[in-house]
Amino acid sequence: METLEMTDAANIVARLSELPGEAVLAVWGELTTRVAGEVLTDPASLVPLTDGGASLDGRLDALMSHRRHLERAAALTQRVVRSAEAVTHMLASEHHDSVRRHDVLSGEAMGEGASDDSRAYDVEAGEFAASALGGALGLTAPAARAMAAGASTLRARHPGLLAASARGDGSVRVAAMLAGELAHLEADAARSVAQMLIDSGDHRRAHQAARQACRKTLRRLGLTRPADEVEVESTRGLWFEPHLEFESLCTMTAVLDTYDATAIQAVMEERARRLQENSAPGARLFVGAARADALTDLILENCTVTATLNLQVPIIARPPDPSRSAVAGLLDPPRSTGVPDAEDVSDLLDARVPRPAIGVPPGHSPASPATSSMVLGACGVRGVGVLSAGVVARLAATAGVGFTATLASHHGCGRITTLATTTAAHRPSVGIAKLVRERDGVCRFPFCETAASRCDLDHVMPFDQGGPTSATNLQALCRHHHRAKTHGGFRVRMTPDGVCTWLSPSGARWVTEPGGITHADAVRAA
């Protein structure tokens, strides 16, 4: 039976070899859909269990045979997935070359008749290829650019690694990483080391294990890359981001000098051990939680710095239902017909956040929440996440944190955007610029993750065509995507509440919302 199936498969492959490449890709896509449908409907249909008969030994043999077939099927599927990933990377490289050639020909077609103004902005051929491909794949432009560059490097310097990936014998991402590890070597030496890694099977290992095996091989051969002090220094840092699962938690990532990290670890572990020993019976801290508490204590116990946080303040027309969470209050649509001014917000902050106040006896609140017709919902801090009113109060009372406020408007679907005014000048005011960057969070180009603080502020409708300098016509764009909009043929329109619809030169559409959410639009331009 198995021999017959292999013969059928060989006949199908022979017929496919007669089809043009685009048709082969279409068949591949249809086969993927068919296999996925089979698995979702009845996984056993792909690898059926044979009848072992009535005897116990027969059934055991049938199950063991089924087990082996499933393992072979899973290995085959993994090989197909790896091969598909390698093909995607090679297509990305080819896409970049195609766009580059198109740009070169377009430049030649323009000829010397182009005006001085049009030549004032030099555009590199293929500069915006990654932006278009990234949108098609749901990736950032840097990720798409890395795919194309990695495949080009593999094709030029490491055809053996690329061929192994294309066969599904290893991940193309690992192959690209290995190519980067060998980039400091001459071409012949790099190919020799790569072949060693293929022969040893290290190219099949997981990303970090393969990297370690490569560096071990380089050390053994005396070919290690000299340390780049600038690269090492630029790698050090400390970053914060909201926790992916729990809004009450935040993730902190630190990259430190080995000496500093060792010293911090020793002190932190000792402090964590004492915290565990002193914890109440039956409430012993987990090891990770004890370390987090120890680190927090060590940083804050002698802290004398006064910090300032900017809060995104959602305005709610009435106090939230006590039975609902603070986050639910944040996402509720507004029930007020008016927009409060800065004095209202100040009163609300005074009413909700305990802080020292002149002439107010200790233990008394400067104002009462019940006296206001509007209250604060849970506030957001860019890069950290949602802070409940209780957390804001604790920060104000114990950590010496001051606050600035940004008005925010609800849109009923969970999206919150900031409110701003308009200026007649081309350059936005400090207040408008701050509000637009707070609203957008990141570059508004599809799938881009560049922080808005590092972006230009672009007029969606150009200023010289009557576009106002206001939050309803300004968006944060990183310099690359600002150039893509101006010179790369990408077009965009924006609704008053900051939702942008993008159109690529090839006709693909995307919708981006404030905060970095991108939706692929099924409709394509004619």
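Scroll up a little and you will see the structure.
Fair warning: this is a prediction, and the values are worked out from it, not measured in the lab.

## Some details on the overall build of the chain
Working step 1: Helices and strands together make up the secondary structure of the chain, namely 18 helices and 16 strands.
Working step 2: Taken across its 526 residues, the chain has 31% of its residues classed as buried.
Working step 3: When contacts within the chain are restricted to residue pairs at least 6 apart in sequence, those whose partners lie at least 24 apart make up 57%.
Working step 4: Carbon and sulfur atoms make up 57% of the accessible area of the chain, which totals about 32,000 Å².

## Looking at the layout of surface pockets
Working step 1: Taken as a whole, the largest pocket spans an internal volume of roughly 2,300 Å³.
Working step 2: Ala9, Val35, Leu76, Thr77 and Val80 are the residues nearest the centre of the largest pocket, which is lined by 42 residues in total.
Working step 3: Broken down by secondary-structure element, the contributors of at least two residues to the lining of the largest pocket are α1 (2-16), α2 (21-41) and α3 (56-110).
Working step 4: A per-element tally of the lining of the largest pocket places α3 first, with 15 residues.
Working step 5: Here the lining of the largest pocket is built from residues that sort into 27 nonpolar, 7 polar and 8 charged.

## What to know about empty space enclosed by the protein
Working step 1: Tallying each qualifying case throughout the model produces 2 cavities of 30 Å³ or more.
Working step 2: Lining the second largest cavity are Val442, Cys443, Arg444, Phe445, Phe447, Cys448, Thr512, Glu513, Gly516, Ile517 and Thr518.
Working step 3: Of all the secondary-structure elements, those providing two or more residues to the lining of the second largest cavity are β15 (509-513) and β16 (517-521).
Working step 4: Tallied by class, the residues present in the lining of the second largest cavity amount to 6 nonpolar, 3 polar and 2 charged.

## Digging into the side chain of aspartate 97
Working step 1: With respect to the secondary-structure elements, aspartate 97 resides in helix α3.
Working step 2: Separated by 3.4 Å, the side chains of aspartate 97 and arginine 155 make a polar contact.

## A closer look at the state of the cysteines
Covalent bonding between the sulfur atoms of two cysteines is what defines a disulfide.
Working step 1: All chains considered together, the criterion is met by 0 disulfides.
Working step 2: Cysteine 443 takes part in no disulfide bond, and the closest cysteine sulfur, belonging to cysteine 448, lies 3.8 Å away.

## Details of helix α6 (residues 141-157)
Working step 1: The terminal C-alpha atoms of α6, which comprises 17 residues, lie 24 Å apart, in line with the 24 Å expected from a rise of 1.5 Å per residue.
Working step 2: Buried within α6 are the following residues: Ala141, Ala144, Met147, Ala148, Gly150, Ala151 and Leu154.
Working step 3: Summarising the contacts, the buried residues of α6 are in contact with α3, α5 (129-137), α7 (159-166), α8 (172-181) and α18 (479-487).

## Points about the packing of α5 against α6
Working step 1: Contact pair α5 / α6: the axes reach a minimum separation of 8 Å and the direction vectors enclose 105°. In terms of axis orientation, α5 runs roughly perpendicular to α6. Listed contacts from α6 to Ala130, Ser131, Leu133, Gly134 and Leu137 of α5 are Ala141, Ala144, Arg145 and Met147.
Working step 2: Here the contact of α5 with α6 is built from residues that sort into 6 nonpolar, 2 polar and 1 charged.

## Observations concerning the nonpolar core
Working step 1: Counting 25 residues, the largest nonpolar core has Val436, Cys443, Phe445, Phe490 and Trp502 as its most contacted members.
Working step 2: The next biggest cluster of nonpolar side chains, apart from the first, holds 20 residues, and it includes Ala86, Leu185, Ile198 and Leu218.

## Details of the pattern of salt bridges
Working step 1: What the rule picks out here adds up to 21 salt bridges.
Working step 2: With a shortest N-O distance of 2.5 Å, arginine 204 and aspartate 169 are connected by a salt bridge. With arginine 204 in the loop between α9 (187-200) and α10 (207-221) and aspartate 169 in the loop between α7 and α8, the pair connects residues that are 35 residues apart, well separated along the chain.
Working step 3: Here arginine 204 falls in the partly exposed class, since its relative accessible area comes to 43%.
Working step 4: Salt-bridge contacts for glutamate 270 lead to arginine 274; the nearest nitrogen and oxygen are separated by 3.1 Å. Taken together, the residues span about one helical turn, with glutamate 270 and arginine 274 both in helix α12 (residues 258-277) at a distance of 4 residues.
Working step 5: We classify arginine 274 as partly exposed; its relative accessible area is 48%.
Working step 6: One salt-bridge network, in which partners are shared between bridges, spans Glu270, Arg273, Arg274 and Glu277.

## Section: the packing of aromatic side chains
Working step 1: Tallied over the entire structure, the rule returns 2 aromatic pairs.
Working step 2: Between the aromatic rings of phenylalanine 445 and phenylalanine 490, the centroid separation amounts to 5.2 Å while the plane-to-plane angle is 75°, which identifies the pairing as edge-to-face. Taken together, the residues phenylalanine 445 in the loop between α17 (430-440) and β10 (456-459) and phenylalanine 490 in the loop between α18 and β13 (491-494) connect sequence positions 45 residues apart.
Working step 3: A network of ring pairs unites the aromatic residues Phe445, Phe490 and Trp502 as a single cluster.

## A word on the side chain of glutamine 276
Working step 1: Within the element layout of this structure, glutamine 276 appears in helix α12.
Working step 2: Reaching out from glutamine 276, the side chain makes a polar contact with the backbone oxygen of leucine 285 at a distance of 3.0 Å.
Working step 3: Excluding residues within four positions of it along the chain, glutamine 276 makes contact with Arg284, Leu285, Phe286, Val287 and Ala290.

## Quick notes on a nonpolar patch on the surface
Working step 1: A surface patch of nonpolar side chains, amounting to about 220 Å² of accessible area, comprises Val35, Val39 and Leu46.
Working step 2: Mapping leucine 46 onto the fold places it in the loop between α2 and α3.

Thresholds applied
- Residues numbered from 1 in each chain as written.
- Predicted model: local features only at pLDDT ≥ 70, side-chain atom pairs only at ≥ 80, totals over all residues.
- Heavy atoms only, no water.
- Helix = DSSP H or I, 4+ residues; strand = E, 2+ residues; numbered from the N terminus.
- Buried < 20%, exposed > 50% of the residue type's maximum accessible area, 1.4 Å probe, protein only.
- Contact = heavy atoms within 4.5 Å.
- Areas by Shrake-Rupley, 256 points an atom, 1.4 Å probe, with all protein chains shown as cover.
- 1 Å grid on protein atoms, 1.4 Å probe; cavity = no way out; pocket = protein on both sides within 12 Å on 5 of 7 lines; lining within 4 Å.
- Points joined across faces, edges and corners; volume = space filled by probe spheres on them.
- Nonpolar A, V, L, I, M, F, W, Y, C, P; charged D, E, K, R; others polar.
- Polar contact = N/O pair within 3.5 Å; in protein donor to acceptor, adjacent residues only side chain to side chain.
- Disulfide = S-S within 2.5 Å.
- Expected span 1.5 Å × (residues − 1).
- Axes fitted to C-alpha atoms, helices over the stretch in contact; angles between N-to-C directions.
- Parallel < 35°, antiparallel > 145°, perpendicular 65-115°, else oblique.
- Core = buried A, V, L, I, M, F, W, Y, C linked by side-chain atoms within 4.5 Å.
- Salt bridge = Lys/Arg side-chain N within 4 Å of Asp/Glu carboxyl O.
- Phe/Tyr/Trp six-rings, centres within 6.5 Å; stacked < 30°, edge-to-face > 60°.
- Patch = residues over 30% accessible without salt bridge, like charges linked within 9 Å, V, L, I, M, F, W, Y side chains within 5 Å.

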